[in-house]
Amino acid sequence: MASPMSADSFLGALRAEGLTVVEVGDWRHHNRDHKGPWGPVHGVMVHHTVTSGGARTVEICRTGHEDLPGPLCHGVITKDGRVHLVGYGRVNHAGSGDDDVLRAVVAEKRLPGDNEANTDGNRYFYGFECENLGDGEDPWPRAQLEAVERAAAAVCRHHGWTERSVIGHLEWQPGKSDPRGFTMASMRERVRDRLK
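Since we're looking at a predicted model, the values are computed, not measured.

Colleague: Whenever I open this one, helix α2 (residues 54–63) confuses me. Can you help?
Modeller: Three- or four-residue spacings in an α-helix give side chains the same orientation, since the helix completes a turn every 3.6 residues. Among the residues making up α2, those that are buried are Thr57, Val58 and Cys61. Taken down its axis, α2 places every buried residue within 100 degrees of arc, on the same side. Packed against the buried residues of α2 are β3 (64–65), β5 (75–77), β6 (83–85) and β9 (125–130). Directly after α2, the chain includes Gly64, whose backbone phi takes a positive value near 80 degrees.

What follows is the structure, encoded as structure tokens:
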């Protein structure tokens, strides 16, 4: 069981991993904490945005939309490999997911299939949204994939977690497809190698 790191520690961990970080507005205090608890934290969740254009993507993830208020993640990873911090605390990124998956993440074991949505993921996961249309054709530039790897590794390194604490939205909530365009197994391998 891990308490969330402070916003300053989060920023420091990302920079220490070699990432270029952009601080957007008052990201440290932009959250949905009034809707429920943030923590204990157990892992990192990776998403794609179904958007194009870095500035537009960052703004959507910061403010949200009519059906889902922002922030929609902690960090937005744009195609150029920069991480834009848009919120900190409880954010609207994970939604409800499978309690069996959560137990596997906590135990750092192989993930079971996600077949139910009975657990609040916004409480337990750091979230990174990645600028991509999510159609399987929009490319994932090398700089962006490396930033996903570094961001996930930064959080894992801080908490002493292994790569098994990194999951995709599609592994958490039935019916989700993100991230699409690379496999989470390959990303976990990258995180594992970086943590070595």
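After presenting the structure, the write-up continues.
Colleague: Sorry if this is basic, but what is going on with the packing of aromatic side chains here?
Modeller: What characterises a pair of aromatic rings is the spacing of the ring centres plus the angle enclosed by the ring planes. Using the criterion set out here, one finds nine aromatic pairs in the structure. Their ring planes at 85 degrees and their centres at 5.4 Å tell us that Trp38 and Tyr126 sit as a pair that is edge-to-face. Note that Trp38 is positioned in the loop between β1 (21–23) and β2 (43–48) and Tyr126 in strand β9, a separation of 88 residues in sequence. Summarising the burial analysis for this pair, Trp38 and Tyr126 share the class buried. Among the aromatic residues, ring-to-ring pairing joins Phe10, Trp27, Trp38, Tyr88, Tyr126, Phe128 and Trp161 into one connected group.

Colleague: Can you help me understand the packing of helix α4 (residues 142–159) against helix α5 (residues 184–195) in this one?
Modeller: For any two helices packed against each other, one specifies the inter-axial angle together with the distance between the axes. Relative orientation of the contacting elements α4 and α5 amounts to 60 degrees, with a least axis distance of 9 Å. In terms of their interaxial angle, α4 and α5 are classed as oblique. Once α4 is placed against α5, the crossing between them reads as right-handed. On α5, the residues touching Leu145, Glu146, Val148, Glu149, Arg150, Ala152, Ala153, Cys156 and Arg157 of α4 are Met187, Arg190, Val191, Arg194 and Leu195. Broken down by class, the residue content of the contact of α4 with α5 amounts to eight nonpolar, no polar and six charged.

Colleague: Please explain α4 as it appears in this structure.
Modeller: The end-to-end C-alpha distance of α4 is 26 Å, a good match for the 26 Å that 18 residues give at a rise of 1.5 Å each. Of all 18 residues making up α4, 13 are buried, and the element is well covered by its neighbours. Positive phi appears at Gly160, one or two residues downstream of α4, with a value of about 75 degrees.

Colleague: Where do I start with the pairing of β9 in this structure?
Modeller: One face of the sheet, then the other: side chains in a regular strand alternate in exactly this way. A large share of β9 lies buried, amounting to six of its six residues. Here β9 shows no split at all, with Phe125, Gly127 and Glu129 on one side and Tyr126, Phe128 and Cys130 on the other all buried. Alignment of β2 against β9, held across six bridges, turns out to be parallel. From the neighbouring strand, His48 faces β9, where its bridge partner is Cys130. Sheet topology places β5 next to β9; three bridges connect them, and they run parallel. Within β9, the residue paired with Val76 across the bridge is Glu129.

Colleague: Quick question: what am I supposed to make of the sheet that holds β5 here?
Modeller: Two modes of strand pairing occur in sheets, parallel and antiparallel, and in both the strands are linked by backbone hydrogen bonds. One open sheet holds the six strands; their spatial order is β1-β6-β5-β9-β2-β10, and the pairing between them is mixed. Two strands bound the open sheet, and with one partner strand each, they are β1 and β10 (166–168). Averaged over all pairs of adjacent strands, the angle between their axes in this sheet comes to 25 degrees, without regard to strand direction. Set on the sheet, α5 makes contact with β2 and β10; between it and β10 the angle comes to about 160 degrees.

Colleague: Where do I start with the layout of surface pockets in this structure?
Modeller: Taking a probe equal in size to a water molecule and rolling it over the atoms shows the remaining empty space. Quantified by volume, the largest pocket comes out at close to 360 Å³. Residue lining of the largest pocket: 20 residues in total, with Leu68, His93, Glu129, His169 and Lys176 positioned closest to the centre. Those elements that place two or more of their residues in the lining of the largest pocket are β2 and α2. Across the lining of the largest pocket, the residue classes tally to six nonpolar, eleven polar and three charged. Taken together, Lys109, Arg110, Leu111, Glu163, Arg164, Ala185, Arg188, Glu189 and Arg192 form the lining of the second largest pocket. For the lining of the second largest pocket, the class distribution of residues is two nonpolar, no polar and seven charged.

How each quantity is defined
- Residues numbered from 1 in each chain as written.
- Predicted model: local features only at pLDDT ≥ 70, side-chain atom pairs only at ≥ 80, totals over all residues.
- Heavy atoms only, no water.
- Buried < 20%, exposed > 50% of the residue type's maximum accessible area, 1.4 Å probe, protein only.
- Helix = DSSP H or I, 4+ residues; strand = E, 2+ residues; numbered from the N terminus.
- Arc of directions from axis to C-beta.
- Contact = heavy atoms within 4.5 Å.
- Phe/Tyr/Trp six-rings, centres within 6.5 Å; stacked < 30°, edge-to-face > 60°.
- Axes fitted to C-alpha atoms, helices over the stretch in contact; angles between N-to-C directions.
- Parallel < 35°, antiparallel > 145°, perpendicular 65-115°, else oblique.
- Left-handed = near helix turned anticlockwise from the far one by under 90°.
- Nonpolar A, V, L, I, M, F, W, Y, C, P; charged D, E, K, R; others polar.
- Expected span 1.5 Å × (residues − 1).
- Pairing = 2+ DSSP bridges.
- 1 Å grid on protein atoms, 1.4 Å probe; cavity = no way out; pocket = protein on both sides within 12 Å on 5 of 7 lines; lining within 4 Å.
- Points joined across faces, edges and corners; volume = space filled by probe spheres on them.

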